[in-house]
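# What the coordinates show
Listed below are the residues making up each chain.
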Amino acid sequence: MAAPLILLPAVDIRHGQAVQLVRGVAGSERVFGDPVQAALRWRHEGAEWLHLVNLDGAFGDADSWELVRQVVAAIAPTGMNVELSGGIRDNNTLAAALDTGVARVNIGTAAIENPAWTEQVIAQYGERIALAIDVAHGRVTGRGWVSPGPNALDTVRRFTAAGCARFVVTDVASDGTLVGPNLELLRSVCATTTASVVASGGIATIADIAAITELVSSGVEGAIIGTALYLGRIDLGAALALTKVKAAEHDQVAVAEQG
């Protein structure tokens with residue numbers, strides 16, 4: 001049986017608030033209130049995973065670790081899983097991230113600046129480490145998406161060979177813009193790796209969710225939704241129901257083809 005596409009509502013923390021940036025640019029944020037309440041809302045509406053981003057850590061200009069711990073502690077009793085991104089670049093920040101109790105952490109900048117260390121922690125922690133592939137003009141970016149790095153697909157190849165189990169792929173140009181996901185980028189990454197892929201950036205409508213479900217058979221495991229949820233353009237319950245319908249449809253097609 002095909003697994004439904006996993007939907008991960010995003011809670012991005014900036015200066016104590018839940019925010020959504022446009023193309024990752026500092027100062028472009030829309031503010032949506034208390035991060036703890038946002039996380040609890042998405043759990044109440046049916047999400048099983050949360051994409052939690054420490055933007056203060058990503059930009060390196062503030063300390064939000066205590067608030068991160070509060071969000072994780074608040075939703076832990078509900079059984080919601082958390083993947084955490086932002087500012088995880090060395091042994092100390094990795095230990096702090098894992099100690100919050102999250103299911104996995106996403107490493108981005110360190111993959112550019114310290115790939116050998118990144119390969120080491122992938123080998124050590126396995127499924128608890130995902131690679132954040134934040135792509136602008138075909139290249140990976142870091143330091144809050146302001147520092148350009150190597151070719152994105154070359155980076156995917158390198159860390160696939162190192163045993164990375166999951167890539168979280170963000171199209172920086174579409175993130176926070178509601179212009180639709182970059183399906184071509186997702187197809188390219190899926191064709192480059194055997195690891196699971198989580199899509200991020202640009203999702204604006206339930207039709208975008210439907211389009212991404214067509215890539216599940218290629219390796220897309222999940223999709224992160226941010227601005228569209230906060231602005232009410234996507235109803236999370238309806239989107240989750242759609243993923244189950246699409247999974248059932250794919251199962252029916254598979255059975256028909258086998259018969």
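Structure report, in brief. (Residues numbered from 1 in each chain as written. Predicted model: local features only at pLDDT ≥ 70, side-chain atom pairs only at ≥ 80, totals over all residues. Heavy atoms only, no water.)

Moving on to the state of the cysteines. In this structure the tally under the stated criterion is zero disulfides. Left unpaired, C164 is separated from the closest cysteine sulfur, that of C190, by 13 Å. (Disulfide = S-S within 2.5 Å.)

Let us now look at the packing of aromatic side chains. A ring pair, where both rings are aromatic, is described by two values, the distance of the centres and the angle of the planes. Across all of its chains, the model carries two aromatic pairs by this definition. Residues W42 and Y230 carry aromatic rings whose centres are separated by 5.3 Å and whose planes lie at 85° to one another, so their mutual orientation is edge-to-face. One end of the pair, W42, is in helix α1 (residues 35–44); the other, Y230, is in helix α10 (residues 227–230), and 188 residues separate them in sequence. What makes Y230 buried here is its relative accessible area of 12%. Linked through ring pairs, F32, W42 and Y230 together constitute an aromatic cluster. Over the face of the ring belonging to W49 we find R104, whose NZ or CZ atom lies 4.2 Å from the ring centre. (Phe/Tyr/Trp six-rings, centres within 6.5 Å; stacked < 30°, edge-to-face > 60°. Helix = DSSP H or I, 4+ residues; strand = E, 2+ residues; numbered from the N terminus. Buried < 20%, exposed > 50% of the residue type's maximum accessible area, 1.4 Å probe, protein only. Lys NZ or Arg CZ within 6 Å of the ring centre and 35° of its normal.)

One can describe the packing of helix α7 (residues 152–161) onto helix α8 (residues 183–192) by two numbers: an axis separation of 9 Å at closest approach and a directional angle of 30°. Both α7 and α8 take part in a crossing whose hand is right-handed. Seen from α7, the contacting residues are L153, V156 and R157; seen from α8, they are S188, V189 and T192. Of the residues in the contact of α7 with α8, the class split is three nonpolar, two polar and one charged. (Axes fitted to C-alpha atoms, helices over the stretch in contact; angles between N-to-C directions. Left-handed = near helix turned anticlockwise from the far one by under 90°. Contact = heavy atoms within 4.5 Å. Nonpolar A, V, L, I, M, F, W, Y, C, P; charged D, E, K, R; others polar.)

This part is about the environment of K246. By secondary structure assignment, the location of K246 is in helix α11 (residues 236–258). It is 19 Å that separates the C-alpha atoms of K246 and W49, two residues lying 197 residues apart in sequence. Not counting residues up to four positions away in its chain, the partners in contact with K246 are A210, T213 and E214.

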